[in-house]
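# Overview (structure and organization)
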Amino acid sequence: MKDLFGKALLDYQNGNYTVDLITSTNISDDDALPLPYLFRSFKDMPKLEQHALKLSKGNILDVGCGSGSHTLYLQDKGLQVKAIDISEGAITVCKQRGVLNAELKGLLDETETFDTILLLMNGTGIFQTVKQVSTYLTHLKSLLNTNGKILIDSSDIQYMYLDEDGGFWQDINANYYGELDYFLSYKNKKEDPIKWLYLDFNLLLTACQAVGLKCEMLAEGEHYDYLAKISV
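Residues numbered from 1 in each chain as written. Predicted model: local features only at pLDDT ≥ 70, side-chain atom pairs only at ≥ 80, totals over all residues. Heavy atoms only, no water.

### Notes on the pairing of strand β11 (residues 214-220)
In this sheet, strand β12 (residues 225-231) lies alongside β11 in antiparallel orientation, the contact comprising 6 bridges. Its bridge partner being in β12, M217 is matched across the sheet by A228. Where β11 hands over to β12, the hairpin turn is made up of 4 residues, of which Y224 adopts a positive phi near 65°. (Pairing = 2+ DSSP bridges. Helix = DSSP H or I, 4+ residues; strand = E, 2+ residues; numbered from the N terminus.)

### Some thoughts on the side chain of K149
You can see K149 is positioned in strand β7 (residues 144-155). Here K149 is buried and forms no salt bridge, its nearest opposite-charge partner D115 lying at an N-O distance of 8.1 Å. There is a polar contact of 3.1 Å between the side chain of K149 and the backbone oxygen of L55. (Buried < 20%, exposed > 50% of the residue type's maximum accessible area, 1.4 Å probe, protein only. Lys, Arg positive; Asp, Glu negative; His and termini not counted. Salt bridge = Lys/Arg side-chain N within 4 Å of Asp/Glu carboxyl O. Polar contact = N/O pair within 3.5 Å; in protein donor to acceptor, adjacent residues only side chain to side chain.)

### Thoughts on the environment of N59
Assignment of secondary structure puts N59 in strand β3 (residues 59-63). We classify N59 as buried; its relative accessible area is 18%. Separated by 62 residues in sequence, N59 and M121 have C-alpha atoms that sit 20 Å apart. Not counting residues within four places of it along the chain, the set of residues in contact with N59 comprises Q80, T113, F114, D115 and T116. Among the polar contacts made by the side chain of N59, one reaches the main-chain carbonyl oxygen of T113 at a distance of 3.3 Å. (Contact = heavy atoms within 4.5 Å.)

### As for the sheet that holds strand β6 (residues 114-119)
Strand order in the open sheet formed by 7 strands is β5-β4-β3-β6-β7-β12-β11, and the pairing between neighbours is mixed. The sheet is open, and its two edges are formed by β5 (102-104) and β11, each paired on a single side. Pairs of neighbouring strands in the sheet enclose a mean axial angle of 20°, with direction left out of account. In this structure, β6 lies alongside β7, joined through 5 bridges in parallel fashion. (Axes fitted to C-alpha atoms, helices over the stretch in contact; angles between N-to-C directions.)

### Comments concerning the pattern of salt bridges
Considering all chains together, one arrives at 10 salt bridges under this definition. Here E216 makes a salt bridge to K229, at a shortest N to O gap of 3.8 Å. With E216 in strand β11 and K229 in strand β12, this residue pair connects regions lying 13 residues apart in the sequence. E216 gets classed as partly exposed once you look at its relative accessible area, which sits at 40%. Put simply, K82, E103, K105, E110 and E112 are held in one network by salt bridges that share partners.

Structure, rendered in structure tokens:
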């Protein structure tokens, strides 16, 4: 990984903001991801994110913390938060912004236990493929304290496969429609492609039940997105 995401965050943090990140997938064209959005305050966050943060209690893990915006909001509320990300640049930015506990680490390498675990901004993306969902859910289960909860959001992107008549179209030999190849570029440099998973709620529910977890829909957004609570 070239960590172009981290380099972009560092540029913005250090006052060198000139261009945005460019993202695309195997089913969508290039789209700008504005760097200021990654540094947004609570009032500028989507309602599902605000809802998740308001529900966060106890000792909290912020998975894929990015620039630390969620963590900083919770810290300011007096809560204990650990922020983790696989981007070295992101962790550096978190520390520069005042995150007290930020660590360069992947979710599957985490061993501490928590009362609330946050996976936001399409939290299911970190699972990468449907085949790996049970591995990640099982590990997340091991990180929960008694009465703990996981707050996770995603979107059902079936709408991206609808034809002009509203019919669903996908190659029957293809993988689950929410499994995407994700591409990112910054300043004319291309990051190594990654797998990124958008998981519809019913499939998430089924996957949770298969590993002994409960899953509850908490809220739905305005564009096929949702916030779910997972617990033992």
